Amino acid sequence: AARRDLLVLTVDHRLQPAGAAWTRTCAATAARLGAAFQALCWTAEKPATGLPAAARAARHSLLADAARAAGASVILMGHTADDILEARLMRTRGSTTPEPREWSPSPVWPEGRGVFLLRPLLGLRRAGIRDWLTTRGEGWIDDPANESPLSRRAQARRQIAGGGMGPGETAESASAEALARVCRQDAAAGLQAPRACIAAASPGVAARFLSAACLCAAGTSRPPPRQAIMRLVERLAAPDGFGATLAGARIEADGETVRFLREAGEAARGGLRPLILAAGESTVWDGRFEIAAERGREIRSARGLRQALSPADQHALAALPANARDTVPVVVEESGPRLADATPLALDRLLAACGAVETEPA
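A brief report on the enclosed structure follows. (Residues numbered from 1 in each chain as written. Predicted model: local features only at pLDDT ≥ 70, side-chain atom pairs only at ≥ 80, totals over all residues. Heavy atoms only, no water.)

## Regarding the overall build of the chain
Stage number 1. Within the chain, the secondary structure is distributed over 11 helices and 17 strands.
Stage number 2. The buried share of the chain, reckoned over its 362 residues, is 41%.
Stage number 3. Here the contacts in the chain between residues at least 6 apart in sequence split such that 62% fall between residues at least 24 apart.
Stage number 4. Taken as a whole, the chain presents about 19,200 Å² of accessible surface, with 53% of it coming from carbon and sulfur. (Helix = DSSP H or I, 4+ residues; strand = E, 2+ residues; numbered from the N terminus. Buried < 20%, exposed > 50% of the residue type's maximum accessible area, 1.4 Å probe, protein only. Contact = heavy atoms within 4.5 Å. Areas by Shrake-Rupley, 256 points an atom, 1.4 Å probe, with all protein chains shown as cover.)

## With respect to the pattern of salt bridges
Oppositely charged side chains can form a pair if their charged atoms are brought close together.
Stage number 1. According to the stated counting rule, one finds 16 salt bridges in the structure shown.
Stage number 2. In this structure, the salt-bridge partner of Arg4 is Glu360, at a minimum N-O distance of 3.1 Å. One end of the pair, Arg4, is in the segment before strand E1 (7–12); the other, Glu360, is in the segment after helix H11 (346–353), and 356 residues separate them in sequence.
Stage number 3. Accessibility expressed as a relative area gives 31% for Glu360, which makes it partly exposed.
Stage number 4. Arg130 is paired through a salt bridge with Asp142; the nearest N and O atoms lie 2.7 Å apart. One end of the pair, Arg130, is in helix H4 (residues 126–135); the other, Asp142, is in the loop between H4 and helix H5 (152–159), and 12 residues separate them in sequence.
Stage number 5. Its relative accessible area of 27% is what places Arg130 among the partly exposed residues.
Stage number 6. On the basis of relative accessibility, which here comes to 46%, the residue Asp142 falls in the partly exposed class.
Stage number 7. It is possible to trace a salt-bridge network through shared partners that takes in Asp82, Asp83, Glu86, Arg125 and Arg126. (Salt bridge = Lys/Arg side-chain N within 4 Å of Asp/Glu carboxyl O.)

## Things to note about the packing of aromatic side chains
Stage number 1. Enumeration according to the criterion identifies 3 aromatic pairs in this entry.
Stage number 2. Ring centres of Trp285 and Phe289 lie 6.4 Å apart, and the angle between their planes is 40°; this geometry places the pair in the tilted category.
Stage number 3. Across the ring face of Trp42, the terminal group of Lys46 is positioned such that the distance to the ring centre comes to 4.5 Å.
Stage number 4. Above the ring of Phe242, the side-chain terminus of Arg235 is found at 4.1 Å from the ring centroid. (Phe/Tyr/Trp six-rings, centres within 6.5 Å; stacked < 30°, edge-to-face > 60°. Lys NZ or Arg CZ within 6 Å of the ring centre and 35° of its normal.)

## Details of helix H9 (residues 226–237)
Stage number 1. The terminal C-alpha atoms of H9, which comprises 12 residues, lie 17 Å apart, in line with the 16 Å expected from a rise of 1.5 Å per residue.
Stage number 2. Along H9, the residues classified as buried are Ala228, Ile229, Leu232, Val233 and Leu236. The buried residues of H9 occupy an angular sector of 145° when the element is viewed end-on, so they sit on one face. What points out from H9, more than 90 degrees from its buried face, is the exposed set Gln227, Arg231, Glu234 and Ala237.
Stage number 3. Looking at the buried side of H9, the elements it contacts are helix H7 (195–200), helix H8 (203–218), strand E8 (242–246), strand E9 (249–253) and strand E10 (257–262). (Expected span 1.5 Å × (residues − 1). Arc of directions from axis to C-beta.)

If you want it as structure tokens, here you go:
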């Protein structure tokens, strides 16, 4: 109806013997419907533990890469109201399974930057969709992994029966959005927010915001443990100033402001690894900056190079929080190092994570 081109994607995780046959079925269905089709495959070595989480990350990474290559910024997913119910039940049993939202950013980073997920079927139950398909002579594929007695999702699925629910945004989501909107970003991709605003939020709202702020400032993608985030919520509710590290981020709080910086220690996620950019290449460095190269060059952190920078660059670094100065990208050239022409990504990522981005990028 919107006259938009549709590209159908399917991912073979190489975990099921029937995976190749499922891909052929998807290709045939797309052809019958007149839609473009692309098959994706997770060929990497499979981990011995944490396979469901690894498969999810690999799937979303492949989907995001394919979307970006096609010039698309929105991926439509087929999650239903049953997926919401299953995720809620799984979390009561200790799982960290996220609850699907109707509109959310891609969960992988940095591959998913600028890519959003749209789930238009969250208000419908799975059985109702299957009934609708049956009346039209259409079929579907059941993944036997979803019926494994050892699967937490399968256990939750068996307990769910009847009832309906809509996808709508929660008050927690809306409040996390408000906190994200009062954040500011500095040139080191650090974030800062009024402490009073965070302290005034409910514990659930504050926890969601703080988890996202730590990830975005650190450039990481693995959420911090719930218990650690709740301890941070409690510390921010008290008046004392403090410093702490969490999920690759350094949190600095005084009486008025909370700052989220990238942890600068050598042990932090590989110690801000150098990166060689080919001429004309654009990439994300350290999960926090987008950098484009006009010619081949090396990108490093400012650690150990600050004294060799120009007076103007040193002055720019002096304006940043002390603990952030070693975490900014520097270009190493024959003439000496200089601050990189880089775009910080933390604030845009935070706004998307907290629900402040309501439409696809222009």
